[in-house]
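# Structural overview
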Amino acid sequence: PDSSVTLDRQQRLLVVANRLPVSATRKGEDQWSLEVSAGGLVSALLGVKQFQVIWIGWPGVYVQDELGKQSLAKALEEKGFVGVLLDEETVDQYYNGYCNNVLWPLFHYIGLRQEDRLAATRSLQSQFGAYKRANRLFADAVIKHYQEGDFVWTHDYHLMVLPSYLKEHDPRMKVGWFLHTPFPSSEIYRTLPLRSELLQGVLGADLVGFHTYDYARHFVSACTRILGLEGTPEGVEDQGKITRVAAFPVGIDSERFIQAVETDAVKKHIEELSARFAGRKVMLGVDRLDPIKGIPQKLLAFEKFLEENPHWRDKVILVQIAVPTRQDVLEYQKLASQVHEIVGRINGRYGSLTTVPIHHLDRSMKFLELCALYAITDVLLVTSLRDGMNLVSYEFVACQNEKKGALVLSEFAGAAQSLGAGSILVNPWNIIETANAIGEALNMPEEEREERHRLNFMHVTTHSAQVWAETFTSELNDSILEAELRTLH
Ligand code: G6P
């Protein structure tokens, strides 16, 4: 094994995900600047004290020359990261193609038109080839840095064949896999042309985790129906080997948000924003500009609400933050135009010389600005058509201790199963129902708002990201011990 990443304390945990939580920019021939992004996974794993975490993933840049490759590897290594370098062709076929144009829509129940799907099927074989090649590169990186006894935690739909590659190399490796998206009904999953290899790949893991019990159940059904394996109360059994399958709903590092709202910087933003929106109720949407987020449905519901409630027209504003994502994929480009068209129409119809009802931004926000925006919001609107979990709803709740605003939440987000009692649940496909929910949220009596917020806040602060990571890793440990015991008997 490579000893360049050294063991200086505790148990090591290799965390393998498509993207490293860092963005690298080249500053000179052998100079790199690295910006660590404090996304959910990072803060979750920062809280797991018993592990020394080593990240393995794609740094999101293309590097062709040897000097660049070596200097990047060194810069990453200093921060505990191992980079898996992918070339442009691989990224196009594996990431844009198979991951984001095939698996992502399928796992979120987004139907392609028959002819589009037929066209996509033609390139499937070569895209799946690239997918497997990319998974192999991740496996090579893990194998290079692996030391006996390490835990290996692989993540998401990008890396479904990786667990079996690792086990083929060394059956004693302790491997977990967690899916951050929904796993669809087996009736949907089984329409995937190349469907068995992915399931077999995942079953290489000792423990397989999902956000909700439903997703876990769908996965077990897919394994029983497609692979003919046996589903047991613990998971899936293949020739005596049991892969444990369970639900581990993710959370956020709520303290980070709660504390941020108390800082002077955020308080200053809050003052500015409150002055800017004075006299109006603020409704907020924060989404990646992704077809699964139901942004057009949300806009149509808001339009319906304004149409039906003329007295609200100059008393409410919808701030929609739509963070651009996966812009090389056609569906995402089409969605951007569609959203812009609807926003333009609504603003044209209900705007005035001095104001418009929708304040739409095509960009991400800085962390402190986002916290301020969450804090001044009266109603958060999450209308995902499908969403593995949706942590925007959690972040909002963590920032709302002053205002205790209302949450309108899609029943198709995993979060509906944890924040359901504290939210107004909607079927985002039903525009009238969502428009009514907007009215209900805006008019909700204070006492009810406080009670709902209390329920949500309690959940968000107790089911933290740290708890999630600790539960998964200790369950991984247990599954391995149980498997060892079984072989002894
Ligand atoms: C989802 C996926 C993540 C992914 C993220 C952003 O949350 O589960 O694996 O990283 O979307 O998408 P991107 O394609 O930009 O990494």
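Residues numbered from 1 in each chain as written. Predicted model: local features only at pLDDT ≥ 70, side-chain atom pairs only at ≥ 80, totals over all residues. Heavy atoms only, no water.

### Details of the sheet that holds strand S12 (residues 281-288)
As summarised here, the arrangement of the 6 strands in space is S14-S13-S12-S15-S16-S17, forming an open sheet in which the pairing is parallel. The outermost strands of the open sheet, each flanked by one partner alone, are strand S14 (358-361) and strand S17 (424-426). In this sheet, neighbouring strand axes are inclined to one another by 15° on average, regardless of whether the strands run parallel or antiparallel. Packing against the sheet, helix H13 (residues 367-376) makes contact with S12 and strand S13 (316-323), and its axis sits at approximately 135° to S12. (Pairing = 2+ DSSP bridges. Helix = DSSP H or I, 4+ residues; strand = E, 2+ residues; numbered from the N terminus. Axes fitted to C-alpha atoms, helices over the stretch in contact; angles between N-to-C directions. Contact = heavy atoms within 4.5 Å.)

### Quick word on the nonpolar core
Leu45 and Tyr374 are the most contacted members of the largest nonpolar core, which has 70 residues in total. Broken down by element, the residue count for this core peaks at 7 residues, all from H13. Setting aside chain neighbours within four positions, we find leucine 45 in contact with Leu13, Val15, Val53, Trp55, Trp153 and Ala469. Core analysis: the next-biggest nonpolar cluster, separate from the first, contains 64 residues, Val102, Phe183, Phe210 and Ala222 among them. (Core = buried A, V, L, I, M, F, W, Y, C linked by side-chain atoms within 4.5 Å. Buried < 20%, exposed > 50% of the residue type's maximum accessible area, 1.4 Å probe, protein only.)

### Overview of a negative patch on the surface
Residues Asp87, Glu88, Glu89, Asp92 and Asp328 make up a contiguous surface patch of negative charge. With respect to the helices, strands and loops of the structure, aspartate 92 is situated in helix H3 (residues 88-107). (Patch = residues over 30% accessible without salt bridge, like charges linked within 9 Å, V, L, I, M, F, W, Y side chains within 5 Å. Areas by Shrake-Rupley, 256 points an atom, 1.4 Å probe, with all protein chains shown as cover. Salt bridge = Lys/Arg side-chain N within 4 Å of Asp/Glu carboxyl O. Lys, Arg positive; Asp, Glu negative; His and termini not counted. Charge placed at Lys NZ, Arg CZ, Asp CG, Glu CD.)

### A word on the packing of aromatic side chains
Throughout the structure, instances matching the rule amount to 22 aromatic pairs. With centroids separated by 6.4 Å and ring planes inclined at 50°, the aromatic side chains of tryptophan 58 and tyrosine 62 adopt a geometry described as tilted. By relative accessible area, tyrosine 62 is classed as partly exposed at 40%. Both rings, one in tryptophan 153 and one in tryptophan 468, keep their centres 4.9 Å apart while their planes meet at 40°; by these two values the pair is tilted. On the criterion of sequence distance, the pair formed by tryptophan 153 in strand S6 (residues 151-155) and tryptophan 468 in helix H18 (residues 465-488) is long-range, its members being 315 residues apart. Grouping residues by exposure puts tryptophan 153 and tryptophan 468 together as buried. Aromatic rings pair up to connect Phe107, Trp177, Phe183, Tyr189, Phe210 and Phe219 into one cluster. Sitting over the face of the ring of tyrosine 165, arginine 136 holds its NZ or CZ atom 3.7 Å from the ring centroid. Just above the ring of phenylalanine 367 sits the side chain of arginine 256; from NZ or CZ to the centre is 3.8 Å. (Phe/Tyr/Trp six-rings, centres within 6.5 Å; stacked < 30°, edge-to-face > 60°. Lys NZ or Arg CZ within 6 Å of the ring centre and 35° of its normal.)

### Brief notes about the packing of helix H11 (residues 295-308) against helix H12 (residues 330-350)
Following both chains from N to C, one finds H11 and H12 inclined at 10°, their axes separated by 10 Å at the closest point. By the angle class used here, H11 and H12 are roughly parallel. Seen from H11, the contacting residues are Ile295, Pro296, Leu299, Leu300, Glu303, Leu306 and Glu307; seen from H12, they are Leu335, Gln338, Val339, Ile342, Val343, Arg345, Ile346, Arg349 and Tyr350. For the contact of H11 with H12, the class distribution of residues is 11 nonpolar, 1 polar and 4 charged. (Parallel < 35°, antiparallel > 145°, perpendicular 65-115°, else oblique. Nonpolar A, V, L, I, M, F, W, Y, C, P; charged D, E, K, R; others polar.)

### Section: empty space enclosed by the protein
Using the criterion set out here, one finds 1 cavity of 30 Å³ or more in the structure. When its volume is computed, the largest cavity comes out at roughly 50 Å³. Together, Glu234, Ile242, Arg244, Ser479, Glu482 and Arg486 line the largest cavity. Where the lining of the largest cavity is concerned, the elements lending two or more residues are strand S11 (241-247) and H18. (1 Å grid on protein atoms, 1.4 Å probe; cavity = no way out; pocket = protein on both sides within 12 Å on 5 of 7 lines; lining within 4 Å. Points joined across faces, edges and corners; volume = space filled by probe spheres on them.)

### Thoughts on unusual backbone geometry
Located in the positive-phi region is tyrosine 109, a residue other than glycine, with phi close to 60°. Here tyrosine 109 is to be found in the loop between H3 and helix H4 (114-145). In this structure tyrosine 109 comes out as partly exposed when scored by relative accessible area, which is 26%. Residues other than glycine seldom take positive phi values, yet arginine 326 does so here, at roughly 45°. Counting through the fold element by element, arginine 326 comes out in the loop between S13 and H12.

### Section: the side chain of glutamate 303
Tracing the chain through its elements places glutamate 303 in helix H11. Ignoring any residue separated from it by four or fewer positions in sequence, one finds glutamate 303 in contact with Arg345, Ile346, Arg349 and Tyr350.

### A few points about the confidence of the model for the protein chain
Per-chain confidence: the protein chain averages 94 in pLDDT, with 97% of residues scoring 70 or above. Of the regions scoring below 50 in pLDDT, residues 1-8 engages in 20 contacts with residues more than four places distant in sequence or in other chains. Both confidence scores are given for the complex: pTM 0.95, ipTM 0.96. (pLDDT = per-residue confidence, 0-100.)

### Focus on the pairing of strand S3 (residues 31-36)
Of the strand pairs in this sheet, strand S2 (residues 22-28) and S3 are connected by 6 bridges, and their pairing is antiparallel. In the sheet register, threonine 25 faces S3, and the bridge partner there is serine 33. Where S2 folds back onto S3 in an antiparallel hairpin, the turn is made up of 2 residues.

### So, helix H5 (residues 162-169)
Within H5, 6 of the 8 residues are buried, which leaves the element mostly enclosed by the surrounding structure. Buried within H5 are the following residues: Leu162, Pro163, Ser164, Tyr165, Leu166 and Lys167. At its buried positions, H5 is contacted by strand S1 (11-19), H4, S6, strand S7 (174-178) and helix H7 (196-202).

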